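Breakdown of the fold
Residues per chain, in single letters:
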Amino acid sequence: MINNIQILDGGMGRELARMGAPFRQPEWSALALIEAPHFVRAAHDAFIAAGSQVITTNSYAVVPFHISDAVFAEQGAALIALSGKLAREAADAAQTPVKVAGSLPPVLGSYRPDLFEPVAAKKLLKVLVENLTSTVDIWLAETQSSVAEVEAVRDVLGDDPRPLWFSFTLQDQLDEQGRAHLRSGETIEEAVAAVLRLSASAILFNCSRPEVMAAAVQAARAALNAENSSLDIGVYANAFEPSDNQRGANEGLSKMRQDTDPAGYLDFAEDWVAQGATLVGGCCGIGPEHIAALKQAFSK
């Protein structure tokens, strides 16, 4: 850690696109795994060089929602295993200790708690877990829109002893009282209660506007303090234009905002840390240059 702040990586999909890797909807970041996996390794290496202490497997889009039922049935397990292998190799080659987080996405659709169905979700999650288990240090259920989604993850993982991080995506606007909510409408307090009940090791917020994150961190820290818990809180926001932050996956390529350059993003991150965040990185549109700025700021 750097002054008790652990630096995560940034957004894999947009970094792959920027590097010139094969990239399109609906396959998104999975296309590079299929056609040119060396780009995935290069992206991991770039984030590590920038200062990431935790990198995340490129398994987020390796689900039927992105690559189709047919491709998932034929290649899904191998692609998931490859995503873990590439991350593991990058971490093991690093000059400083780097951990690998196994990405467990919202398997039935990002930002869509209404599409969640536990039996179908658990079937897909099982494939992800089985093919990442040999390469990851941490389980990261990310961009989760509801408590029900993380309950399914916990069920599939069972008593796996590795740290489990639950990362929730938030509604674009705070309510009239200035409170953040999950995309399902559930409160931060309900999310914290689930994290504690399901024996997770950290609560994070990701793939949401930077502006809503501080309120979520503040509420989470207060709820954890009320339970005498010192669990880590993390944030990795996206750089989508506000009007595109409600766009669901596979609904077109969202535009990137211009005020989340490394300096602008760091301003947000410093506020998150001030509110109690101890894990900081970036999601869609946040690249190695942003991670380098985080590392420099929080290593002072």
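Below you will find a few notes about this structure. (Residues numbered from 1 in each chain as written. Predicted model: local features only at pLDDT ≥ 70, side-chain atom pairs only at ≥ 80, totals over all residues. Heavy atoms only, no water.)

1. A word on unusual backbone geometry
Looking along the chain, the bond that leaves Gln25 and enters Pro26 is cis, with omega of 5 degrees. Locating Pro26 in the fold gives a position in the loop between helix H1 (12-19) and helix H2 (30-35). One non-glycine residue, Ser68, adopts positive backbone phi at about 90 degrees. Overall, the relative accessible area of 30% leaves Ser68 in the partly exposed class. Positioned with a positive phi, Thr143 is a non-glycine residue whose angle comes to about 55 degrees. Classification of Thr143 by relative accessible area gives buried; the value is 2%. (Helix = DSSP H or I, 4+ residues; strand = E, 2+ residues; numbered from the N terminus. Buried < 20%, exposed > 50% of the residue type's maximum accessible area, 1.4 Å probe, protein only.)

2. Here's the deal with the pattern of salt bridges
One pass over the full model with this rule turns up 16 salt bridges. A salt bridge links Glu15 to Arg18, with the shortest nitrogen-to-oxygen separation between them at 2.9 Å. Of this pair, Glu15 and Arg18 both sit in helix H1, 3 residues apart, which is roughly one turn of that helix. With its nearest N and O atoms 2.8 Å apart, the salt bridge here joins Lys85 to Glu89. One end of the pair, Lys85, and the other, Glu89, are both in helix H5 (residues 69-93), 4 residues apart, so they sit about a helical turn from each other. Of the residues examined, Glu89 reaches a relative accessible area of 31% and is grouped as partly exposed. One salt-bridge network, held together by shared partners, links Arg209, Glu211, Arg257 and Asp259. (Salt bridge = Lys/Arg side-chain N within 4 Å of Asp/Glu carboxyl O.)

So yeah, pure geometry; function would need other evidence.
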